[in-house]
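Analysis of the macromolecular model
Spelled out, the chains give:
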Amino acid sequence: MRIIRYLNDYSNPVVAAVTDDNKIYPLPMNDFMDIIYEAKHAGLTPVNYINELITGKESLQKDLSELNLLVPIVAPEVWASGVTYEKSREARNYETTDKKNDGETCYDKVYNAERPEIFLKSTSTRTVGPNEPVYLRSDSNWQIPEPELGLVITKEGQIVGYTIGNDMSCRDIEGENPLYLPQAKIWKNSCSIGPAIRLSETVANPYNFQITCRIYRNDQLVVEESANTRQLKRKYDELVSFLIRDNKVFDGTVLLTGTSIVPPNNFTLQDKDRIEIEIPEIGVLSNPVKSLVQKTVVN
Ligand code: DO4
Ligand code: MG
């Protein structure tokens, strides 16, 4: 079972459950976390609680593709883990050694260290949902999407759902100096999440999500790459425990778990590209790409 948010015909946000046969049931809650709180209060699992609510109710007479989807949760903060896959370590080493791959780097160290890399990626005002544009920074010439599994957690660190996240990144800014990480990672619309949250109790093995990223330019597929969460170097609970340690974390925080998909080194995103990230059990997160500055063409 998945949870979505969409805008109804009166432009009001609605939370809804999507059953395994793709039927959509609007719910009386205003927020994903209300499902978790109310189910707990009723002594039921979220799925059983929702099933009690929707039994005998009519499903929406619309298909998912007809809905104006919103972020599935207004996450107060999105955090991210870095260098949790070998592929990310290789890509970071390539950027930071000026393409020479010589000598040990901070990325090699963090890949093997007990403490993972965890950084603040986004806040609710910077995070966009399905079909909203992700922006390109004006001062970078090497920008890529990072397709990642997102954990939706409570303030105690319980993983209550899984979503898809795009950790938009500037390879040149981070490669120049790792201290520039916040600028390589955080700007307007530099993070997208969605299109749904899969309730964790409905996932038999969260270390077997297949993630596929497709990038379209002028409607032509220019990048297509896949990875599987079984390649993750760490455990989700391990990442969460470092995030919440001595920290104030809010209910509904999203923790991205790192990327194992990196487009070819000569690839950079361009204005009007479209990024699709698919995890079949969750859906397809699609975002157009928009440049923050329109370059003036001089004849
Ligand atoms: O060290 C920089 C961040 C790496 C990252 O975001 C990732 O591995 O996904
Ligand atoms: Mg990342």
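Structural notes, computed from the coordinates. (Residues numbered from 1 in each chain as written. Chains lettered and ligands numbered in written order. Predicted model: local features only at pLDDT ≥ 70, side-chain atom pairs only at ≥ 80, totals over all residues. Heavy atoms only, no water.)

To continue, consider helix H1 (residues 32-42). All of the buried residues along H1 are Phe32, Met33, Ile35, Ile36 and Ala39. All buried residues of H1 fall inside an arc of 155° around its axis, so they share one side. Capping of H1 at its N-terminal end is provided by aspartate 31; its side-chain oxygen lies 3.0 Å from the backbone amide nitrogen of methionine 33. Of the residues flanking the end of H1, it is glycine 43, one or two places downstream, whose phi is positive at about 70°. (Buried < 20%, exposed > 50% of the residue type's maximum accessible area, 1.4 Å probe, protein only. Helix = DSSP H or I, 4+ residues; strand = E, 2+ residues; numbered from the N terminus. Arc of directions from axis to C-beta. Polar contact = N/O pair within 3.5 Å; in protein donor to acceptor, adjacent residues only side chain to side chain.)

Quick look at the coordination of the magnesium ion (ligand 2) now. Four donors placed tetrahedrally about a metal ideally form angles of 109.5 degrees, and six donors placed octahedrally ideally form angles of 90 or 180 degrees. The coordination sphere of the magnesium ion (ligand 2) contains the protein donors Glu146 (OE), Glu148 (OE) and Asp167 (OD), at a distance range of 2.0 to 2.1 Å. For the magnesium ion (ligand 2), the single-chain donor residues occur in sequence as E-x1-E-x18-D. Taken as a pair, glutamate 148 in strand E10 (residues 147-153) and aspartate 167 in strand E11 (residues 159-167) lie far apart in primary sequence, 19 residues in all. You can call glutamate 148 buried: its relative accessible area is 0%. (Donors = N, O, S within 2.8 Å, 3.2 Å for Na, K, Ca; no water.)

Of the volumes computed, that of the largest pocket is approximately 280 Å³. Considering each element in turn, the lining of the largest pocket owes the most residues, 5 residues, to H1. (1 Å grid on protein atoms, 1.4 Å probe; cavity = no way out; pocket = protein on both sides within 12 Å on 5 of 7 lines; lining within 4 Å. Points joined across faces, edges and corners; volume = space filled by probe spheres on them.)

Next up on the list: the site of ligand 1. Taken together, the neighbourhood of ligand 1 is formed by 16 residues, with Val83, Ser88, Glu117, Glu146 and Lys185 sitting nearest. A distance of 3.0 Å separates an oxygen atom of ligand 1 from a polar side-chain atom of aspartate 167. Contact distances for ligand 1 include 2.9 Å between an oxygen atom and a backbone N or O atom of threonine 259. Coverage of ligand 1 by the protein chains reaches 99% of its 280 Å² of free accessible surface. Taken atom by atom, the bulk of ligand 1 overlaps the largest cavity. For the shell around ligand 1, the elements supplying multiple residues, two or more each, are strand E5 (77-82), helix H3 (86-96), strand E6 (117-123) and helix H6 (181-185). (Near = heavy atom within 4 Å. Areas by Shrake-Rupley, 256 points an atom, 1.4 Å probe, with all protein chains shown as cover. Sits in = over half its atoms within 2 Å of the grid points.)

Structurally, the position occupied by arginine 5 is in strand E1 (residues 2-7). In this structure arginine 5 is buried but unpaired, with aspartate 31 as the nearest side chain of opposite charge at 5.7 Å. Among the polar contacts made by the side chain of arginine 5, one reaches the main-chain carbonyl oxygen of valine 71 at a distance of 2.7 Å. Apart from the residues within four sequence positions on either side, arginine 5 is in contact with Pro13, Val14, Val15, Asn30, Asn68, Leu69, Leu70, Val71, Pro72, Ile73 and Val74. (Lys, Arg positive; Asp, Glu negative; His and termini not counted. Salt bridge = Lys/Arg side-chain N within 4 Å of Asp/Glu carboxyl O. Contact = heavy atoms within 4.5 Å.)

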